[in-house]
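Residue-level structural notes
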Amino acid sequence: MTDNVSNTVEEKVREHFHDDAERFDAIYDEKKGPFARFVDNYWRGVVQKRLELNVEYLAPFAGKKILDVGCGSGRFCIAFAQKGAEKVIGVDFARAMIEIADKLAMEAGVGDKCEFVVGSFPDAIDGSEGPFDACTANGFFDYVENPIPIITRMRELTRGKLVMSFPKAVEWRVPIRRIRFWLKGTPLFLYREAQVREILAHCGVTNYEIIHLDRDYLVVADV
Ligand SMILES: C[S@@+](CC[C@H](N)C(=O)[O-])C[C@H]1O[C@@H](n2cnc3c(N)ncnc32)[C@H](O)[C@@H]1O
């Protein structure tokens, strides 16, 4: 993957997460040294908090069918399935992320409830599995050049709730985050609250609340 010369935003993001899959998933792993735990809690604590809030907002899960866009290593899908969701589909274009997701779901005993798709959203999901009771996208719009077609499709596929995070453009960690991503050559997109509201209005999402969650805006919408 790293040998390829990539130009588009999608290619750069896919390559980044393919190469970074194990390190990313380790954020969720409690079995690590005190220094790594401190760094992950301090810098990336939002990752775990997003998962907890998604579970809180989407409960009860029994019988639900959920789509998780940019599912990464599948931690959200697995949590939803463990809470009782009937079927969870996760889609991510980084193959190494999906390999971890498949393995973790099997280990967690919810392999039969979770289906992981390697591909780019929205193209990779044809809609035959829908409508979904909920559709989630967490830590995803940070890497998306144009969220409008994505949210429009998420909304079309869903009869229930959308949960989506958007990273804040104004936050004390932003300069360091920007430099880190610039050094890696990975695109990063940040948002002001007014911009998030404008995007949602453009996609016809009108019934929602915005929660200030650490360095993110978490949008919970009824559609
Ligand atoms: C920061 S990770 C978040 C993973 C997961 N949602 C979580 O919070 O643990 C973002 C993921 O989005 C995926 N991604 C970004 N754009 C995508 C697209 N258009 N289609 C599918 N996956 C995408 C990346 O490969 C990456 O695994």
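Structure report, in brief. (Residues numbered from 1 in each chain as written. Predicted model: local features only at pLDDT ≥ 70, side-chain atom pairs only at ≥ 80, totals over all residues. Heavy atoms only, no water.)

So, on to the layout of surface pockets. Where empty space is left becomes clear once a probe the size of a water molecule has been rolled over the atoms. Reported here for the largest pocket is a volume of approximately 840 Å³. Sorting the residues of the lining of the largest pocket by element identifies α1 (9-25), α2 (34-58), α3 (75-82), β2 (87-92), α5 (147-156) and α6 (174-184) as the ones contributing at least two each. Top element by residues in the lining of the largest pocket is α1. It accounts for 8 residues. Residue composition of the lining of the largest pocket, by class: 22 nonpolar, 10 polar and 15 charged. (1 Å grid on protein atoms, 1.4 Å probe; cavity = no way out; pocket = protein on both sides within 12 Å on 5 of 7 lines; lining within 4 Å. Points joined across faces, edges and corners; volume = space filled by probe spheres on them. Helix = DSSP H or I, 4+ residues; strand = E, 2+ residues; numbered from the N terminus. Nonpolar A, V, L, I, M, F, W, Y, C, P; charged D, E, K, R; others polar.)

Another point: α1. The principal kink in α1, of about 55 degrees, is found at Asp19. Taken together, the buried positions of α1 are Val9, Val13, Glu15, His16, Phe17, Asp20, Ala21, Phe24 and Asp25. (Bend = angle between axes of the 7 residues up to and from the residue. Buried < 20%, exposed > 50% of the residue type's maximum accessible area, 1.4 Å probe, protein only.)

This part covers unusual backbone geometry. Note the cis peptide between Ala59 and Pro60, where omega equals 0 degrees. Inspection of the secondary structure assignment puts Pro60 in the loop between α2 and β1 (65-69). In this chain, Gly130 is followed by Pro131 through a cis amide linkage whose omega measures -5 degrees. With phi around 55 degrees, Asp214 is a residue other than glycine that occupies positive phi space.

Take helix α4 (residues 95-107) next. Look at α4: 19 Å from first C-alpha to last across 13 residues, which is about the 18 Å you get at 1.5 Å a residue. Where α4 is buried, its residues touch α1, α3, β2 and β3 (114-118). Where α4 terminates, the next one or two residues include Gly109, which has phi positive at roughly 80 degrees. (Expected span 1.5 Å × (residues − 1). Contact = heavy atoms within 4.5 Å.)

Here we come to the sheet that holds β1. Two strands in a sheet stick together by hydrogen bonds in their backbones, pointing the same way (parallel) or opposite ways (antiparallel). Pairing is mixed in the open sheet, where 7 strands are placed in the order β3-β2-β1-β4-β5-β7-β6. Single-partner strands in this sheet number two, and they are β3 and β6 (208-213). Going from strand to strand, the sheet's axes swing by 15 degrees on average, the running direction of each strand aside. Strand direction decides the pairing type here: strand β5 (residues 158-167) and strand β7 (residues 216-222), joined by 7 bridges, are antiparallel. (Pairing = 2+ DSSP bridges. Axes fitted to C-alpha atoms, helices over the stretch in contact; angles between N-to-C directions.)

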